[in-house]
Amino acid sequence: LVSRRGLAVRSNPLAGSAPRSGDPEEDRANAEALVSSAKDREEHAIVVEAVAETLGPFCSELAWDPEPILRETPNVWHLSTRFHGVLNEPVPTVLDLVAALHPTPAVAGDPRNLALDVIAELEPFNRGLYTGAVGWVDADGDGEWAIALRCAELRGDRAILYAGAGIVAESDPAKELDETERKFRAFLDA
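Note that the structure is a prediction, hence the values are computed from the model and not measured.

Conventions we followed
- Residues numbered from 1 in each chain as written.
- Predicted model: local features only at pLDDT ≥ 70, side-chain atom pairs only at ≥ 80, totals over all residues.
- Heavy atoms only, no water.
- Helix = DSSP H or I, 4+ residues; strand = E, 2+ residues; numbered from the N terminus.
- Rg over C-alpha atoms; globule rule 2.2 N^0.38 Å.
- Buried < 20%, exposed > 50% of the residue type's maximum accessible area, 1.4 Å probe, protein only.
- 1 Å grid on protein atoms, 1.4 Å probe; cavity = no way out; pocket = protein on both sides within 12 Å on 5 of 7 lines; lining within 4 Å.
- Points joined across faces, edges and corners; volume = space filled by probe spheres on them.
- Nonpolar A, V, L, I, M, F, W, Y, C, P; charged D, E, K, R; others polar.
- Pairing = 2+ DSSP bridges.
- Axes fitted to C-alpha atoms, helices over the stretch in contact; angles between N-to-C directions.
- Contact = heavy atoms within 4.5 Å.
- Core = buried A, V, L, I, M, F, W, Y, C linked by side-chain atoms within 4.5 Å.
- Parallel < 35°, antiparallel > 145°, perpendicular 65-115°, else oblique.
- Left-handed = near helix turned anticlockwise from the far one by under 90°.
- Patch = residues over 30% accessible without salt bridge, like charges linked within 9 Å, V, L, I, M, F, W, Y side chains within 5 Å.
- Areas by Shrake-Rupley, 256 points an atom, 1.4 Å probe, with all protein chains shown as cover.
- Salt bridge = Lys/Arg side-chain N within 4 Å of Asp/Glu carboxyl O.

**Regarding the overall build of the protein chain**
So, step 1. When helices and strands are tallied, the protein chain shows 6 helices and 11 strands.
So, step 2. At 17 Å, the protein chain has a C-alpha radius of gyration in line with the 16 Å of a compact globule built from 190 residues.
So, step 3. Projected onto the principal axes, the alpha-carbon positions of the protein chain cover approximately 50 × 40 × 35 Å.
So, step 4. Each of the 190 residues in the protein chain was classed as buried or not, and the buried ones make up 37%.

**Quick look at the layout of surface pockets**
So, step 1. Approximately 340 Å³ is the volume found for the second largest pocket.
So, step 2. Taken together, 18 residues line the second largest pocket, and the ones lying closest to its centre are Ser17, Ala18, Pro19, Asp40 and Lys175.
So, step 3. For the lining of the second largest pocket, the elements supplying multiple residues, two or more each, are β3 (14-19), α1 (24-36), α2 (38-55) and α6 (173-189).
So, step 4. Its residues assigned to classes, the lining of the second largest pocket shows 5 nonpolar, 4 polar and 9 charged.

**A short note on the sheet that holds strand β7 (residues 83-87)**
So, step 1. Taken together, the 6 strands give an open sheet; going across it, the order is β4-β7-β2-β1-β9-β8, and neighbouring strands pair in antiparallel fashion. At either margin of the open sheet sits one strand with a lone partner, and together these are β4 (59-64) and β8 (133-137). Recorded for the sheet is a direction-independent mean angle of 10° between the axes of neighbouring strands.
So, step 2. Judged from the 5 bridges that link them, β8 and strand β9 (residues 143-147) form a sheet pairing that is antiparallel. Residue pairing for β9: Val137 is matched across the bridge by Gly143.
So, step 3. Here helix α3 (residues 94-101) sits on the sheet in contact with β1 (2-5), β2 (8-11), β7, β8 and β9, set at roughly 160° to β1.

**What about the nonpolar core?**
Nonpolar side chains in soluble globular proteins tend to be buried together.
So, step 1. Core analysis: the largest hydrophobic core is formed by 17 residues, its most contacted members being Val2, Val9, Val51, Leu55, Leu97 and Leu101.
So, step 2. For this core, the secondary structure elements donating two or more residues are α2, β7 and α3.
So, step 3. When residues of this core are assigned to their parent elements, the largest contribution, 5 residues, is made by α2.
So, step 4. Sequence-distant contacts of Leu97, that is, excluding residues within four places in its chain, are made with Val2, Arg4, Val9, Leu55, Phe58, Leu87 and Pro92.
So, step 5. Ala31, Leu34, Trp77 and Leu79 belong to the second-largest nonpolar core, a separate cluster that totals 5 residues.

**A closer look at the packing of α2 against α3**
So, step 1. Orientation of α2 relative to α3, taken along the N-to-C sense of each, is 135°, at an axis distance of 10 Å. When the axes of α2 and α3 are compared, the pair comes out oblique. Considering only the axes of α2 and α3, their crossing is right-handed. Residue-level inspection shows Val51, Thr54 and Leu55 of α2 in contact with α3, the latter providing Leu97, Ala100 and Leu101.
So, step 2. By residue class, the composition of the contact of α2 with α3 is 5 nonpolar, 1 polar and no charged.

**Let's talk about the side chain of Thr180**
So, step 1. Considering the arrangement of structural elements, one finds Thr180 in helix α6.
So, step 2. According to the relative accessible area criterion, Thr180 is buried, its value standing at 13%.
So, step 3. Residues contacting Thr180, with those up to four places away along its chain left out, are Ala163, Gly164 and Ala165.

**A closer look at a nonpolar patch on the surface**
So, step 1. A cluster of nonpolar side chains, Leu114, Val118 and Leu122, forms an exposed patch at the surface whose accessible area comes to about 290 Å².
So, step 2. Mapped onto the elements, Val118 comes out in helix α5 (residues 112-122).

Rendered as structure tokens:
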């Protein structure tokens, strides 16, 4: 989500995903399809725009990758955009930045308040710690925070797993379900 070291701020939103494959050719094809996917690029652009608009007022300088890059995990490819900036004085703490950024459209949708109201009305469960911000802060206000997008709540010999997918107008429900199931794979393999 965000990190702060003195005047330096960084963020690396991930949005837009594609499956990984054990077959190198299929894996590369999936990565290339993700980069060229209008649906996934739209999903990613919504998040990038929100991060830029939110961090901008805190910064005297703010820059980010002009195009998303690929970031790989064992189970999925993601579109990634790296932000870096110089904070204004008085310097906000990392917790100020977390409070401004969270929840991002990747978690709550856009526009944020309307989307949160719809989620509260329609989602059939309490998210609990899922999609919460997790991180650290020191006495100087420096720190690093992430979003708990893939979570497991352990209760005795049972685990409740949480994962999700970004939904935009061009989303295909079957593909979104497949994406979510792939995100569970790391937990299920463990």
